[in-house]
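# Working through the structure, step by step
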Amino acid sequence: MTETLTFHVLDPNGVHLGYLASAVNRAIFIELNGPGSGKFSINPEAADASLVALENIVEARWAGSAIFHFVIQKIRRPVVAATKAAVMEVSGQGVRRHGSQSPVCFGLGCRK
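Residues numbered from 1 in each chain as written. Predicted model: local features only at pLDDT ≥ 70, side-chain atom pairs only at ≥ 80, totals over all residues. Heavy atoms only, no water.

Applying the stated rule across the entire model yields 1 salt bridge. Across the pair glutamate 59 and arginine 61 runs a salt bridge, and its minimum N-O distance is 2.6 Å. Judged by relative accessible area, arginine 61 falls into the partly exposed class, the value being 22%. (Salt bridge = Lys/Arg side-chain N within 4 Å of Asp/Glu carboxyl O. Buried < 20%, exposed > 50% of the residue type's maximum accessible area, 1.4 Å probe, protein only.)

See below:
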């Protein structure tokens, strides 16, 4: 099994929406005393790009296990999106999760 960082998208309530197979330049930044952040790029014409929306949650998995979550807060769309080389730059702040069955907690409270 190849150990790879993969990104999955959840809605704001934590419901799994799908896998971002087309995401490239995937990165997560885990902080000891902070929320951390995450980012990736994706072609806006890719089928799974429709999962990218503000406030959706990206679940980062390593070898199939969830290791980090971040909320999509910024989407920078290309000026010309009709080429295969065009990419959207997506980023957001990390989300703290307390326990595997806990709701996703944001700065304004928690959602179940």
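This next bit is on the packing of aromatic side chains. In the structure shown here, the tally under the stated rule is 2 aromatic pairs. With centroids separated by 5.7 Å and ring planes inclined at 70 degrees, the aromatic side chains of phenylalanine 7 and phenylalanine 40 adopt a geometry described as edge-to-face. With phenylalanine 7 in strand β1 (residues 5–10) and phenylalanine 40 in strand β4 (residues 37–42), the pair connects residues that are 33 residues apart, well separated along the chain. Here phenylalanine 7 and phenylalanine 40 have matching classes, each one buried. A ring pair is formed by phenylalanine 7 and phenylalanine 70, whose centres lie 5.7 Å apart and whose planes are at 75 degrees; its orientation type is edge-to-face. Of this pair, phenylalanine 7 sits in strand β1 while phenylalanine 70 sits in strand β6 (residues 65–71), and the two are 63 residues apart along the sequence. There is no split in this pair, since phenylalanine 7 and phenylalanine 70 are both buried. (Phe/Tyr/Trp six-rings, centres within 6.5 Å; stacked < 30°, edge-to-face > 60°. Helix = DSSP H or I, 4+ residues; strand = E, 2+ residues; numbered from the N terminus.)

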